[in-house]
Amino acid sequence: MNKHFFYLILLFCISSCQPITKKMMNIEGVVSSEYNGQIIYLVPRPHPTPETVDSAYIVNGTFSFSIPADSAIYDIVISRRANAPIQRLLIVAEEGTLHTTIGMNSSSTGTPLNNQLQHWKEQMESAGEKAALLSQKINKNKKDNTITAILRRQRDSIYESFGDSTFCFIKQNLNPLGGYLFMTLEHMFNEQQANDLKRLGIEKWKPEP
């Protein structure tokens, strides 16, 4: 047998025996050290079971998880026993390292899709704050129909603008994240937007009931 051919076969056998590296996501979390000893949960959405929920103890104000980068959707939440004013954080299992800060306004950065999700979250929070302020003004001026009508139009404009941003975000993400958001926020879209997303195939990404 030609020795070069033999070497080719040998190299093929060696490469075939190499284990396939599984794509992973590492979550590196920071939280106030006052919660040391408490448990952080990684909860799959939208249908968690005791068997699918992961957990980690907070040590020196940090915690970590390592999970398959399979595009699954998770919430990071703290144990109810902590009685902590900590905001849950929605994330996507994406290859790479995700840096999270868990607190009253939780956030994440480090992978492309999670960076987009963080930007959308900030838009949502900004819209909510503006709408809440307008609602307070409406209550204070409820005896003046002219003023309240103007304020309601301004509030409706905020809701509509955020709805349009969410529609664009989902349209750009016809994937498990887009499917999950569509499932939870479908009520905020007008009929045309909902039909457009369905026509593009968003429903195939909706989580199974």
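About the criteria used
- Residues numbered from 1 in each chain as written.
- Predicted model: local features only at pLDDT ≥ 70, side-chain atom pairs only at ≥ 80, totals over all residues.
- Heavy atoms only, no water.
- pLDDT = per-residue confidence, 0-100.
- Contact = heavy atoms within 4.5 Å.
- Buried < 20%, exposed > 50% of the residue type's maximum accessible area, 1.4 Å probe, protein only.
- Helix = DSSP H or I, 4+ residues; strand = E, 2+ residues; numbered from the N terminus.
- Polar contact = N/O pair within 3.5 Å; in protein donor to acceptor, adjacent residues only side chain to side chain.
- Pairing = 2+ DSSP bridges.

Some remarks on the confidence of the model for the protein chain
Overall, the prediction assigns the protein chain a mean pLDDT of 91, with 90% of residues at 70 or greater. Ignoring residues within four places in sequence, the model shows residues 1-16, a span with pLDDT below 50, making two contacts including any to other chains.

Quick look at helix H4 (residues 176-185)
Where burial is concerned, most of H4 is hidden: seven out of the 10 residues are buried. Turning to H4, its buried residues number three or more, namely Leu177, Gly178, Gly179, Tyr180, Leu181, Phe182 and Leu185. Taken together, the buried residues of H4 touch strand E2 (39-45), strand E5 (73-78), strand E6 (89-92), helix H2 (112-140), helix H3 (145-171) and helix H5 (191-199). Of the residues that open H4, the one with a side-chain oxygen 3.1 Å from the backbone nitrogen of leucine 177 is asparagine 175.

Brief notes about the pairing of strand E7 (residues 96-102)
Note that strand E1 (residues 24-31) and E7 share seven bridges and pair parallel. Bridged to glycine 29 within E7 is threonine 100. Pairing of E7 with strand E8 (residues 107-109), which is carried by three bridges, proceeds in the antiparallel orientation. Residue threonine 100 lies in a different strand from E8, and its bridge partner there is serine 108. Hairpin connection of E7 to E8: four residues between the antiparallel strands.

Structural notes on the environment of arginine 81
Along the polypeptide, arginine 81 turns up in the loop between E5 and E6. The exposure class of arginine 81 is exposed, given its relative accessible area of 78%. Along the primary structure arginine 81 and isoleucine 39 are separated by 42 residues, whereas in three dimensions their C-alpha atoms are 8.8 Å apart.

Quick word on the pairing of E5
The buried fraction of E5 is high, at five of six residues. As paired elements, E2 and E5 share six bridges and run antiparallel to each other. The residue of E5 that forms the bridge with isoleucine 40 is isoleucine 78. The sheet contact formed by E5 and E6 spans four bridges and is antiparallel. Within the sheet, the bridge partner assigned to aspartate 75 lies in E6 and is leucine 90.

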